[in-house]
Amino acid sequence: MATGTDIASLETRYMCSCQARGVPPNKQVMSALFKAKLKKAHHEVSSLVILLDDIKDTDFQPLLDLLTEVDLSEIDAVDIINRSVCILSWEYLLSLMRASSRKLRVVDLQDILFGKDFLLDLAQRGLPCQVLNLRSSHFRKLSMIGSFTRMHTLNLDFSASLTNFREDCFTYMPNLKFLSLCETRITNLWTTTAALTKLPSLVELRFQNFLQDDEARNHAASDRRNDYWDSGHTEISIHDEAPSVSGENIMYRLFNEEGQHLNNTDMDLDVSSETEDSSDDSEVDFSSQDRETSFMELLPDVPPGWGYLVNLQNEVSFGTLEMQDDEEPFFRLSDTRLPCITPKKCVSHNPSPICFQKFYREYMIASLPNLKILDNLPIRKVDREKAELIFSQKFELLPYKRKYKESVVSILQKRETRANHTRGISPRRKSQYFYSRSLSAAKVGSVPWPALSPLSIMGTTARDDRRSYRPRQFEYHPSDASLMVFGTLDGEVIVINHESEKVVSYIPSLGAMNSVLGLCWLKNYPSKVIAGSDNGSLRLYDIRVMPPTATGSHQSAGSIMFDDFDQLTSVHVNSTDELFLASGYSKHVALYDISSGRRLQVFDDMHQEHINVVKFAHHSPSIFATSSFDRDVKLWDLRQKPNQPCYTALSSRGNVMVCFSPDDQYLLVSAVDNEVKQLLAVDGRLHLDFSITSTGSSQNYTRSYYMNGRDYVISGSCDEHVVRICCAQTGRRLRDVSLEGKGSGASMFVQSLRGDPFRDFSMSVLAAYIRPSSNSEIVKVNLLASSDQDKGYSHARHSHPLASSGG
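One numbering rule holds for all chains: residues counted from 1, following each sequence as written. Note on the predicted model: pLDDT of at least 70 is required for a residue's local features to be given, and 80 or more for side-chain atom pairs to be given and counted; whole-chain, interface and lining totals, by contrast, use all residues. Here the side-chain values reflect all heavy atoms present in the structure, with hydrogen atoms and water set aside.

By the naming in an unreviewed UniProt entry, the protein chain is DWD hypersensitive to UV-B 1 N-terminal domain-containing protein, taken from Anisodus acutangulus.

Here it is in structure tokens:
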């Protein structure tokens, strides 16, 4: 039986190839061949280890000839390693990695050396290796859609740009068993598990290094000087296919604590993608901006199974979490009496943000039934039972308590079968409402990545130029499903058809208005809207007489002026369109008569601190609620001249927002830093606490509204880029929607949001961004439609929005 080309013959052919091309044999390649020959002589695994640090472009062609013949040789495996520097061009590197299609085993790279084009080519075309180590990669949204059919281990630790996954990023990794994503920026439980379910062989996953204290100390004191690449040692762990890699072989960049650039003092890289604007691509980020993740550990690599993790004493960790015997783990927050999933005494190293999501471990275990190990901890039967219980208590698998995913076609068939049933015993009758909810549940369940589209506004000037606006507040029209009004930081009021993205009416700043913080449509006179600015100006506009372009001829036409209300932040009209209220940076509330344009009364000292929002009830023209930073929410009745509130409800933090449910049965109260509660409107008793995790920031201003009538609550905060969707009757979390755009600086804050009153599971979000030079945007979100993979948008963030600037 043929054993293939012997290593000595490969060596001879390599030298001949070098001679034919007039280049000297590379010393590192010759050394690698010699070591492989020794291992074969000692009946060990004969691996050819190519260290890229010593390979130049002139070495490429002879080395390519060598690797092309490896598949038919007696060499058992090829490992391609990058320790610290590499001057080989990325096109040559990819050719070398793909030359050996059957024996390529380990590829260990630092991709900062190769740039964006290298990463995109690798992700889109794939690689025939078994182990891929891309620690500190610059993927932002992982989209590894190429063929990785042989790969069983993928390490993307310390990839500080990585925030999310493309929907099909793991589709072509059928044999991937081990995946590590420590200290990435991944946060979303829903999209993460949806992507990971595409990995049928996945048995071990980690987003953090979880060790018990004694084990951590033992590892810190251990001496791991054996060099795999010299000895051929294979670490015994949960699997035995891949080698362990010693600290001598892997060098990783270290972020300093101020979040500066990667240290590059030992090299002068000429990589164009380091400084280029990556706004045209959302998958890879080589921007030169400061990293939000401010460190990396300088650690030896470990077996791809991570069963025997090293924890050196000089490790820089991300908020080490120690739990004593009398404390609960940070993710064990339920009152269930099942045993705790995690050992009582353990230390978390290098966690990704997803690890700090409430019930993270339970959610992952319940969502990935084939997983055996999570964060270095085995998943026992009792762990899985507890996870399933927690999941059922705290999360909705599908909307409206649907327990099983159904296809839209199946639901439609059932509906038609019921409608056409005329004989025999009639099946249990279901209402049309039941089927519409089922259809919504089916669509939401099939769309892990909902459609997000920024509202594009066409030109509105006399020349019809395309221009950019700075929206600051917005409201859907109460009766026309296509209309929306928004006010800008420049004092403009613009009515837009958000379906066609065409301006219907444009009201320029008249010199008196600054940032428009208060907007409210009249319900019985749907062409009229009240706008208030932060300098106190208040006007009623009739959009029928306001043209879509700024002509300068309608400065006062179609508008009514009201007395100013200083430092205004909120306006709201009652149900009969007779009165409206204004509040702001004061303890007072003003009442106005719409028909006469007069201010009727000012109610003094309704709170101890300024009143962020005032809201009338939807159906009672005299009932309204106020919320203040004094932590009180109060209900008032105009019929009582309001001297005393009907009742007062107390929050533990300052209140940012209050609103009535569409049927006026509940009050939804949002206080600073994700304190969201639902009260009974009749007497202020607590009905539901949504228990959203706090960030610890006193500047994290939270706003919440209803969606799908009063069925669901959407909540977002100005320090976070996520919208949380919870059932308004049970409090169970349905989903989080992460708002991200393309290129560098794509993270954003949720400044305000509204549920679409005409479309189920649809909303719009006013997003403020990282880059101060960029404008805010109104982003439409549709949970029933899948995101367009080809669409994206650049985002940058303004400075913090004011706590009390409208809702």
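So, on to the overall build of the protein chain. What counts as a helix is a DSSP run of H or I of at least four residues, what counts as a strand is a run of E of at least two, and both are numbered from the N terminus. Counting secondary structure elements, the protein chain contains twelve helices and 42 strands. Pairs of residues are marked as contacts when any of their non-hydrogen atoms sit within 4.5 Å. Counted over contacts in the protein chain with a minimum sequence separation of 6, partners at least 24 positions apart contribute 61%. Note on areas: these come from Shrake-Rupley sampling with a 1.4 Å probe, and a residue is covered only by the protein chains present in the view. As presented, the protein chain carries roughly 32,300 Å² of accessible surface, and 49% of it is formed by carbon and sulfur atoms.

As a further point, take the nonpolar core. Counting residues in hydrophobic clusters, the biggest one holds 85 residues, and the most contacted among them are Met 97, Leu 132 and Phe 170. In terms of residue count, the dominant contributor to this core is helix 3 (residues 60–70) (six residues). Not counting residues up to four positions away in its chain, the partners in contact with Leu 132 are Val 107, Leu 122, Leu 127, Met 144, Phe 148, Met 151, Thr 153, Leu 154 and Asn 155. To form a nonpolar core, buried Ala, Val, Leu, Ile, Met, Phe, Trp, Tyr and Cys residues must be joined to one another through side-chain atoms within 4.5 Å. Residue burial is assigned from relative accessible area. The probe radius is 1.4 Å, only protein chains are included, and a residue is buried under 20% of its type maximum, exposed over 50%, and partly exposed in between.

The next subject is helix 2 (residues 27–41). With 15 residues, helix 2 extends 21 Å between its outermost C-alpha atoms, agreeing within 8% with the 21 Å of an ideal straight helix rising 1.5 Å per residue. All of the buried residues along helix 2 are Gln 28, Val 29, Met 30, Ala 32, Leu 33, Ala 36 and Lys 39. One or two residues past the end of helix 2 sits His 43, with phi positive at roughly 60 degrees. Take the residue count of a helix, subtract one, and multiply by 1.5 Å to get its expected span.

This part covers the UniProt feature "repeat: WD" (unreviewed entry) in the protein chain. This chain's UniProt record puts "repeat: WD" (unreviewed entry) on residues 604–639. Regarding residues 604–639, the helix share stands at 0% and the strand share at 50%, and the terminal C-alpha atoms are separated by 16 Å. UniProt positions are given in the numbering used here, feature names are shortened, and annotations may be inferred rather than shown by experiment.

Here the focus is the packing of aromatic side chains. A pair of Phe, Tyr and Trp rings is counted when the ring centres sit within 6.5 Å of each other, with Trp represented by its six-membered ring. The angle between the planes then sorts it: under 30 degrees is stacked, over 60 is edge-to-face, the rest tilted. Tallied over the full model, the rule gives 22 aromatic pairs. With 6.4 Å between their ring centres and 75 degrees between their planes, Phe 474 and Tyr 476 make a pair best called edge-to-face. Chaining the aromatic ring pairs together yields one cluster made of Trp 190, Phe 359, Tyr 363, Phe 391 and Phe 395. Placement of a positive charge over a ring is assigned whenever Lys NZ or Arg CZ falls within 6 Å of the ring centre and within 35 degrees of the normal to the ring plane. Above the ring of Tyr 525, the side-chain terminus of Lys 528 is found at 5.6 Å from the ring centroid. We note Arg 754 situated over the ring of Phe 474; from NZ or CZ to the ring centre the distance is 5.5 Å.

This part takes up the sheet that holds strand 23 (residues 559–562). The strand order 20-21-22-23 describes an open sheet built from four strands, whose pairing is antiparallel. For this open sheet the edge positions go to strand 20 (516–521) and strand 23, each flanked by a neighbour on one side alone. Along the sheet, successive strands turn relative to each other by an average axial angle of 20 degrees, direction set aside. Strand pairing follows a simple DSSP-based rule, namely that at least 2 bridges must link the two strands. Relative to strand 22 (residues 538–542), strand 21 (residues 528–533) runs antiparallel, the two sharing five bridges. In the strand pairing of strand 22, Ala 531 is matched with Arg 539. Whenever a helix is involved, its axis is fitted only over the stretch in contact; in every case the axis is a line through C-alpha atoms, and angles between N-to-C directions fall within 0 to 180 degrees.

Per residue, pLDDT captures the predictor's confidence, and it can take any value from 0 to 100. Per-residue confidence for the protein chain gives a mean pLDDT of 80, with 75% of residues at or over 70. In this model, residues 288–340 is a region of pLDDT below 50 whose contacts with residues beyond four sequence positions or in other chains number 184 contacts.

Working definition: the strands of a sheet are paired by backbone hydrogen bonds and lie parallel or antiparallel to each other. Here we have four strands laid out as an open sheet, ordered 24-25-26-27, and antiparallel in their pairing. A single partner strand is all that each edge strand has here, and the edge strands are strand 24 (568–573) and strand 27 (599–603). The mean angle between the axes of side-by-side strands here comes to 20 degrees, regardless of whether they run parallel or antiparallel. As paired strands, strand 26 (residues 589–593) and strand 27 are joined by four bridges and run antiparallel to one another. Bridge assignment links Tyr 592 to a residue of strand 27, and that residue is Arg 599.

What follows concerns the side chain of Ser 482. Positionally, Ser 482 belongs in the loop between strand 16 (471–476) and strand 17 (483–488). Ser 482 gets classed as buried once you look at its relative accessible area, which sits at 12%. Separated by 2.7 Å, the side chains of Ser 482 and Asp 480 make a polar contact. Apart from residues no more than four positions distant in its own chain, Ser 482 is found in contact with Ile 496, Asn 497, His 498 and Glu 499. Think of a polar contact as two N or O atoms within 3.5 Å of one another; within protein, one of them needs to be a possible hydrogen donor and the other a possible acceptor, and neighboring residues in sequence only count if both atoms come from side chains.

Turning next to the pairing of strand 37 (residues 712–717). Burial within strand 37 is extensive, with six of its six residues counted as buried. The alternating pattern of strand 37 places Tyr 712, Ile 714 and Gly 716 on one face and Val 713, Ser 715 and Ser 717 on the opposite face, and all of these are buried. As paired elements, strand 36 (residues 702–707) and strand 37 share six bridges and run antiparallel to each other. Paired with Thr 702 across the two strands is Ser 717, which belongs to strand 37. If you look at the hairpin formed by strand 36 and strand 37, you'll find four residues sitting between the two strands, and Asn 708 has a positive phi there, around 60 degrees. Note that strand 37 and strand 38 (residues 722–727) share five bridges and pair antiparallel. Counted as the bridge partner of Ser 715 is Arg 724 from strand 38. Hairpin remark: strand 37 followed by strand 38, antiparallel, with four residues in the connecting loop.

What follows is about helix 5 (residues 116–125). With seven of its ten residues buried, helix 5 lies for the most part within the structure. All of the buried residues in helix 5 are Lys 116, Phe 118, Leu 119, Leu 120, Asp 121, Leu 122 and Ala 123. Structurally, helix 5 contributes buried residues whose contacts are with helix 4 (90–99) and strand 4 (131–133). Of the residues flanking the end of helix 5, it is Gly 126, one or two places downstream, whose phi is positive at about 90 degrees.

Not every positive phi belongs to a glycine, and Glu 183 is a case in point at roughly 50 degrees. Position of Glu 183 relative to the elements: it lies in the loop between strand 8 (178–180) and helix 6 (189–196). For Glu 183, a relative accessible area of 2% corresponds to the buried category. The residue Phe 359 is not glycine, and still its phi comes out positive at about 65 degrees.

Moving on, we get to the environment of Ser 438. Here Ser 438 is to be found in helix 12 (residues 432–445). Ser 438 sits in the buried class, given a relative accessible area of 5%. Separated by 39 residues in the primary sequence, Ser 438 and Pro 399 have C-alpha atoms spaced 8.3 Å apart.

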